[in-house]
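Architecture at a glance
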Amino acid sequence: MSSQIYRSASRAARSLLSASKQASPVFAGRAAAAVAVAFRGKVSSLASYGRADSGNASAGWIYGALALPAAAYMLQEKEAHAAEMERSFIAIKPDGVQRGLIAEIISRFERKGFKLVAIKIVIPSKDFAQKHYHDLKERPFFNGLCDFLSSGPVVAMVWEGEGVIKYGRKLIGATDPQKSEPGTIRGDLAVGVGRNIIHGSDGPETAKDEINLWFKPEELTNYSSNAEKWIYGVN
């Protein structure tokens, strides 16, 4: 993906350089420096090579051609960052609640930098549990799974952040705790697959469906955290 973005940025930069050649032989260096300033100096090391102080116009074109694609790449990277903010459904199952692991599990998501936007404690009915696990209804363990989910309190949550669906699954660990890596929630806190303490959405569509099943729209909050600028570098 990054190579495709870079190639697109390179093509855009070459087009810009080609159009500006007749205007000024040092345009590349100056343009690169200007774009670098806009990105708070993040590509200044490249842009500085494009200056015409040495009187070498060709050097200005060469290094300018390097700096502009880098700046264009960073622009697209910023846009991609905004698009990657997503929400995931996370539930602490009855065994996790009964074992007093609520604070431990929440703290792991908070320490990572994800933001809690909805939370409640519910005891789901058997019918509700069947809706939640509808994709597993053909499996032999379906009824037992639904009985367990409806056997006690569940902490239902929605977490928000960049890559929270994919990385949330990494924080949780493999379905079988015996196969989960140390450092994951299941790897550290669970033993048997039938009591693996936590559930997490496995994809964007699943996350959307599960959030809609467990929460009403008015139960989801939208707010900016003061920590976001330290987590994502948004100033």
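Computed from a prediction, not measured in an experiment: that's the story for all the values here. (Residues numbered from 1 in each chain as written. Predicted model: local features only at pLDDT ≥ 70, side-chain atom pairs only at ≥ 80, totals over all residues. Heavy atoms only, no water.)

**What about the packing of aromatic side chains?**
Within the structure shown, the criterion is met by four aromatic pairs. Note on Phe109 and Phe114: the rings are 6.4 Å apart at their centroids and 45° apart in plane angle, and the pair reads as tilted. On the basis of relative accessible area, Phe114 is assigned to the buried category, the value being 8%. Its guanidinium or amino end placed over the ring of Tyr223, Lys115 lies 4.7 Å from that ring's centre, counting from NZ or CZ. Across the ring face of Phe215, the terminal group of Lys120 is positioned such that the distance to the ring centre comes to 4.7 Å. (Phe/Tyr/Trp six-rings, centres within 6.5 Å; stacked < 30°, edge-to-face > 60°. Buried < 20%, exposed > 50% of the residue type's maximum accessible area, 1.4 Å probe, protein only. Lys NZ or Arg CZ within 6 Å of the ring centre and 35° of its normal.)

**Let's talk about helix α6 (residues 102–112)**
Every buried residue of α6 is accounted for by Ile105, Ile106, Ser107, Arg108 and Phe109. The elements touched by buried residues of α6 are β1 (85–92), β2 (115–122), β3 (154–162), α9 (164–172), α10 (185–189) and β4 (198–200). In the stretch just after α6, Gly113 is the one whose phi turns positive, near 115°. (Helix = DSSP H or I, 4+ residues; strand = E, 2+ residues; numbered from the N terminus. Contact = heavy atoms within 4.5 Å.)

**Details of the UniProt feature "active site" (unreviewed entry) in the chain**
UniProt records the feature "active site" (unreviewed entry) at His199, using the numbering of this structure. Mapping His199 onto the fold places it in strand β4. With relative accessibility at 15%, the residue His199 sits in the buried group. (UniProt positions renumbered as here; feature names shortened; annotations may be inferred.)

**Observations concerning the nonpolar core**
In terms of nonpolar packing, the biggest core is built from 21 residues, with Ile105, Phe109, Trp159, Ile197 and Ile198 touching the most fellow members. Elements represented by at least two residues in this core include exactly β1, α6, β3, α9 and α10. No other element matches the four residues that α9 contributes to this core. Ignoring sequence-local partners within four residues, the contact set of Ile198 consists of Ile90, Ala91, Lys93, Ile105, Phe109, Ile172, Ile185 and Arg186. (Core = buried A, V, L, I, M, F, W, Y, C linked by side-chain atoms within 4.5 Å.)

**Let's talk about the confidence of the model for the chain**
When pLDDT is averaged along the chain, the result is 79, and 64% of the positions lie at 70 or above. Within the model, the stretch residues 1–7 combines pLDDT values under 50 with five contacts to residues more than four positions away or in other chains. Within the model, the stretch residues 78–83 combines pLDDT values under 50 with four contacts to residues more than four positions away or in other chains. (pLDDT = per-residue confidence, 0-100.)

**Focus on the environment of Ile92**
Counting through the fold element by element, Ile92 comes out in strand β1. In the structure, Ile92 is positioned 14 residues away from Ile106 in sequence and 9.3 Å away in space, judged by C-alpha atoms. Sequence-distant contacts of Ile92, that is, excluding residues within four places in its chain, are made with Val97, Ile102, Ile105, Pro153, Val154, Val155, Met157 and Ile197.

**Re the sheet that holds β1**
Spatial strand order, β2-β3-β1-β4: four strands in an open sheet with antiparallel pairing. Sheet topology places β2 and β4 at the edges, where each strand pairs with a single neighbour. For this sheet the average axis-to-axis angle between neighbouring strands, irrespective of direction, equals 20°. In this fold helix α11 (residues 204–214) packs onto β1, β2, β3 and β4, with an angle of close to 55° to the strand it touches most, β1. (Pairing = 2+ DSSP bridges. Axes fitted to C-alpha atoms, helices over the stretch in contact; angles between N-to-C directions.)

**A closer look at unusual backbone geometry**
One non-glycine residue, Ile197, adopts positive backbone phi at about 65°. Mapped onto the fold, Ile197 is located in the loop between α10 and β4. Residue classification places Ile197 among the buried residues on the basis of a relative accessible area of 0%.

**Observations regarding the layout of surface pockets**
Any empty space left between atoms is shown by rolling a water-sized probe over those atoms. The volume enclosed by the largest pocket comes to roughly 650 Å³. Lining of the largest pocket is provided by 25 residues; of these, Tyr133, Asp135, Leu136, Leu145 and His199 occupy positions nearest its centre. Among the elements of the structure, α7 (126–132), α8 (142–149), β4 and α11 are those that each provide at least two residues to the lining of the largest pocket. Broken down by element, the residue count for the lining of the largest pocket peaks at four residues, all from α11. Grouping the amino acids of the lining of the largest pocket by side-chain chemistry returns eight nonpolar, nine polar and eight charged. (1 Å grid on protein atoms, 1.4 Å probe; cavity = no way out; pocket = protein on both sides within 12 Å on 5 of 7 lines; lining within 4 Å. Points joined across faces, edges and corners; volume = space filled by probe spheres on them. Nonpolar A, V, L, I, M, F, W, Y, C, P; charged D, E, K, R; others polar.)

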